[in-house]
Amino acid sequence: MKLGLFYFSGTGNTEHIAAAIADELAGMNVEIDTFNITSYKQRQQKYDLSPYNAFIFGAPIYAWRIPAVVRDWLKSLNGEGKKCATFFTYGGVAVGGAHFNTREILEQSNFILVASSEFPGKHTFNLAGWNFLEKRPDKRDYDLAKRFARNIMKKFQEKETNSLQVENPLISNHVFQRFEHREKTLPTPSRRGKDCSMCRTCEEVCPSQAMNADIGEADNKKCLRCLKCLVNCPDNVLEIDDMTPLSEFILNANHITKDELEKRISKFYC
Ligand SMILES: Cc1cc2nc3c(=O)[nH]c(=O)nc-3n(C[C@H](O)[C@H](O)[C@H](O)COP(=O)(O)O)c2cc1C
Ligand code: SF4
Ligand code: SF4
């Protein structure tokens, strides 16, 4: 069996889980090709899915769903009735409707979702003053990723082609739209007039063509706040405004404490 694993990752959590899953499968002598689809350029490439028997898709949770650019990319594929599994990393707050929404998209693209999973990871906005799950993913999460890998292999090899039953969390489009609107009010990374070596890495890695290396600013409308530019800048000159006050608001709105966040565990469904 030959598998294709595709992942999006801004700050590395999803990439680390992808590597744990791929390593485990490679150790089982499964042939697996891994593709990073984070940057705009990587998603413009045409991927030939025909050599693969099944697929694994990974993404972070942004406002209770996977990022819009990943949703759009999945919609552009044709799964030709093959099986797939999904995995998500999230900052401990909430996965929201991601398992359900992503299954719907995958079904429309002619894939059969047979397993899904979620892994807590340090929150992207820890780079802007939050301190949610600073040490995750950790060994327990990687162990669960390996167990998930073994379980999806069983599901991929089964003759049965029933899709994973996922509860519909009944989140209205209005709620998602409100989140999207709020996202655009968050600060974006910028160079703040500082000098840099003009390597243009920030532009190259950007998932949404938002970053302009010449001025060192991101386009507010296009920017996903993934902070990939910030973590990849070799001169370390990109900055983002402090978002500490927002972390308290998010905890209160979700009726959760920091201690409860730390107790989040990785889970899989199959
Ligand atoms: C715009 C944005 C929205 C986010 N929304 C959520 C959310 O709804 N729930 C949550 O728990 N974490 C949320 N996070 C945190 C990320 O899901 C988490 O840090 C993830 O592991 C990042 O993965 P990466 O390191 O692969 O980019 C959000 C992060 C960003 C940038
Ligand atoms: S990645 Fe950093 S050093 Fe390179 S162009 Fe962008 S801001 Fe300048
Ligand atoms: S400009 Fe925005 S979307 Fe582009 S890499 Fe930076 S944070 Fe992500």
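In this text the structure is predicted, and so the values were computed from the model without any measurement.

Thresholds applied
- Residues numbered from 1 in each chain as written.
- Chains lettered and ligands numbered in written order.
- Predicted model: local features only at pLDDT ≥ 70, side-chain atom pairs only at ≥ 80, totals over all residues.
- Heavy atoms only, no water.
- Helix = DSSP H or I, 4+ residues; strand = E, 2+ residues; numbered from the N terminus.
- Rg over C-alpha atoms; globule rule 2.2 N^0.38 Å.
- Buried < 20%, exposed > 50% of the residue type's maximum accessible area, 1.4 Å probe, protein only.
- Areas by Shrake-Rupley, 256 points an atom, 1.4 Å probe, with all protein chains shown as cover.
- Lys, Arg positive; Asp, Glu negative; His and termini not counted.
- Charge placed at Lys NZ, Arg CZ, Asp CG, Glu CD.
- Core = buried A, V, L, I, M, F, W, Y, C linked by side-chain atoms within 4.5 Å.
- Contact = heavy atoms within 4.5 Å.
- Domains from an automatic or database assignment.
- Buried area = accessible area lost by both parts, 1.4 Å probe.
- Salt bridge = Lys/Arg side-chain N within 4 Å of Asp/Glu carboxyl O.
- Polar contact = N/O pair within 3.5 Å; in protein donor to acceptor, adjacent residues only side chain to side chain.
- Nonpolar A, V, L, I, M, F, W, Y, C, P; charged D, E, K, R; others polar.
- Near = heavy atom within 4 Å.
- Axes fitted to C-alpha atoms, helices over the stretch in contact; angles between N-to-C directions.
- Parallel < 35°, antiparallel > 145°, perpendicular 65-115°, else oblique.
- Left-handed = near helix turned anticlockwise from the far one by under 90°.

Q: Requested: an account of the overall build of the protein chain, with residues and values cited.
A: The secondary structure content of the protein chain amounts to ten helices and eight strands. The C-alpha radius of gyration of the protein chain comes to 18 Å, within 12% of the 18 Å expected for a compact globule of 270 residues. Structurally, the protein chain occupies a C-alpha span of about 60 × 40 × 35 Å along its principal axes. For the protein chain, the residues scored as buried account for 51% of the 270 residues in total. Of the roughly 13200 Å² of accessible surface on the protein chain, a fraction of 47% belongs to carbon and sulfur atoms. Computing the positive centroid from 36 side-chain charges and the negative centroid from 34, the protein chain places the two 3 Å apart.

Q: Provide a residue-level description of the nonpolar core, including the pertinent values.
A: Core analysis: the biggest nonpolar cluster contains 31 residues, and Phe6, Phe55, Phe57, Val70, Trp73, Leu74 and Phe111 have the highest contact counts within it. Those elements giving two or more residues to this core turn out to be strand 3 (54–60), helix 3 (68–75), strand 4 (82–90), helix 4 (98–108) and strand 5 (111–120). Dropping the residues within four chain positions of it, Leu74 is found in contact with Phe57, Ile66, Thr102, Ile105, Leu106 and Ser109.

Q: Could you give an account of the domain arrangement of the protein chain, with specific residues and numbers?
A: On domain assignment, one finds that the protein chain holds domain 1 (2–167) and domain 2 (179–251). The C-alpha centroid of domain 2 is placed 24 Å from the C-alpha centroid of domain 1. Listed per partner, the contact involves 22 residues of domain 1 and 26 residues of domain 2. Buried area between domain 1 and domain 2, both sides added, is near 1900 Å², and the carbon and sulfur share of it is 70%. If you look at where domain 1 meets domain 2, you find two salt bridges. A salt bridge links Glu180 to Arg65; the shortest N-O distance between them is 2.7 Å. The tally of links between domain 1 and domain 2 comes to six residue pairs in polar contact (both at pLDDT 80 or more). Looking at the side of domain 1 that touches domain 2, the elements that each hand over two or more residues are helix 2 (40–44) and helix 3. Tallied by class, the residues present in the side of domain 1 that touches domain 2 amount to twelve nonpolar, seven polar and three charged.

Q: Before we move on, could you go through the site of ligand 3 and cite the residues and values that matter?
A: Taken together, 13 residues surround ligand 3, and among them Cys206, Cys223, Cys226, Leu227 and Cys229 come closest. When its residues are assigned to classes, the shell around ligand 3 shows eleven nonpolar, one polar and one charged.

Q: Quick one: what's the story with the environment of Ser197, residue by residue and with numbers?
A: With respect to the secondary-structure elements, Ser197 resides in the loop between helix 6 (173–183) and helix 7 (201–205). Given a relative accessible area of 47%, Ser197 falls into the partly exposed group. In sequence terms Ser197 and Phe179 are 18 residues apart; their C-alpha atoms lie 36 Å from each other.

Q: Now, about the packing of helix 1 (residues 13–27) against helix 5 (residues 139–157): what can you tell me, with residues and values included?
A: Two elements in contact, helix 1 and helix 5, have axes whose closest approach is 8 Å; the angle formed by their N-to-C orientations is 50 degrees. One element, helix 1, and the other, helix 5, form an angle in the oblique class. Like other packed secondary-structure pairs, helix 1 and helix 5 cross with a definite hand, here right-handed. Residues His16, Ile17, Ala20, Ile21, Glu24 and Leu25 of helix 1 form the contact with helix 5, whose participating residues are Asp141, Tyr142, Ala145, Lys146, Phe148, Ala149, Arg150 and Met153.

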